[in-house]
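A look at the structure
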Amino acid sequence: GHAALGLAVTQGGLDLPKSLGQACLIKLNRPRPGLDLVPLLREYATSAIDVSDGLVADLGHILQMSGVGARIDKKQLPVCEWIRQQDRYDFALAGGDDYQLLFTVASENVDRVIQQARQAGIRLTIIGEITDSSFVMIDRQQRDLSNYRGFDHFAG
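Note that the coordinates shown come from a computational prediction; the quantities given were computed from them, not determined experimentally. (Residues numbered from 1 in each chain as written. Predicted model: local features only at pLDDT ≥ 70, side-chain atom pairs only at ≥ 80, totals over all residues. Heavy atoms only, no water.)

Quick look at unusual backbone geometry
Even without being glycine, Asp87 reaches a positive phi, approximately 50°. Looking at the secondary structure, you find Asp87 in the loop between α5 (81-86) and α6 (90-94). Positive phi is not limited to glycine here, since Tyr99 has a value of about 55°. Counting through the fold element by element, Tyr99 comes out in the loop between α6 and β3 (100-105). We classify Tyr99 as partly exposed; its relative accessible area is 30%. (Helix = DSSP H or I, 4+ residues; strand = E, 2+ residues; numbered from the N terminus. Buried < 20%, exposed > 50% of the residue type's maximum accessible area, 1.4 Å probe, protein only.)

Structural data, given as structure tokens:
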């Protein structure tokens, strides 16, 4: 959600603490793709996508193509303290341009991937799990994410 926060600051719709605002502008204007993950993805990923149109939209592409659902744990989302304190998860869920890599791994390979990433100095965050159906975020209750929208390149 950092890039989305940076965009909101640029557009004048959000006033953030100076250091956070500057960090978010850097994330917006100079994204760093996770190319160091490519070897792990080649070996273990069962699907992968960059989060450029928003987490929900991009994960939704994977889910739709795979005919499955997902359960996201809100507490595990790697967001800044400002988003947590303000409960503005919309920046992380629907905001784009973060260019983080989102990928799935078979459950039997999760520990192996985490270990290899740690050895390579790569930070990974498990945000949820793939399910048979539905697309929800777990908070105090389940929130349906199936109608949550990120950026749509074809919207008029």
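Once the structure has been displayed, the description carries forward.
Description of the state of the cysteines
Applying the stated criterion across every chain, the model contains zero disulfides. There is no disulfide at Cys80, and the cysteine sulfur nearest it, in Cys24, is 5.7 Å away. Residue Cys80 is classed as buried on the basis of its relative accessible area, which comes to 12%. (Disulfide = S-S within 2.5 Å.)

Things to note about the environment of Ile138
Here Ile138 is to be found in strand β5 (residues 135-138). Each C-alpha atom of the pair Ile138 and Ile72 lies 6.0 Å from the other, and the pair is 66 residues apart in sequence. Residues contacting Ile138, with those up to four places away along its chain left out, are Arg71, Ile72, Asp73 and Lys74. (Contact = heavy atoms within 4.5 Å.)

Digging into the nonpolar core
Residues Leu5, Leu55, Leu59, Leu77, Trp82, Ile83 and Phe91 are the most contacted members of the largest nonpolar core, which totals 29 residues. Ranked by residues supplied to this core, first place goes to helix α4 (residues 55-66) with five residues. For Ile83, the residues in contact, after removing those within four places along its chain, are Gly1, Leu5, Arg88, Tyr89 and Phe91. Membership of the second largest hydrophobic core comes to eight residues, among which are Leu37, Tyr44, Val113 and Ala117. (Core = buried A, V, L, I, M, F, W, Y, C linked by side-chain atoms within 4.5 Å.)

Examining helix α1 (residues 2-10)
Taken together, the buried positions of α1 are Ala3, Ala4, Leu5, Gly6 and Ala8. Once α1 finishes, Gly12 follows within two positions and takes phi at roughly 80°, a positive value.

Points about the layout of surface pockets
The computed volume of the largest pocket comes to approximately 1400 Å³. Along the wall of the largest pocket there are 45 residues; nearest its centre are Pro78, Gln100, Leu101, Leu124 and Thr125. Mapped onto the lining of the largest pocket, the elements with two or more residues apiece are α1, α2 (18-29), α4, β2 (69-73), β3, α7 (110-119) and β4 (128-131). Per-element accounting of the lining of the largest pocket gives the leading share, six residues, to β3. Taken together, the residues that form the lining of the largest pocket break down as 29 nonpolar, seven polar and nine charged. (1 Å grid on protein atoms, 1.4 Å probe; cavity = no way out; pocket = protein on both sides within 12 Å on 5 of 7 lines; lining within 4 Å. Points joined across faces, edges and corners; volume = space filled by probe spheres on them. Nonpolar A, V, L, I, M, F, W, Y, C, P; charged D, E, K, R; others polar.)

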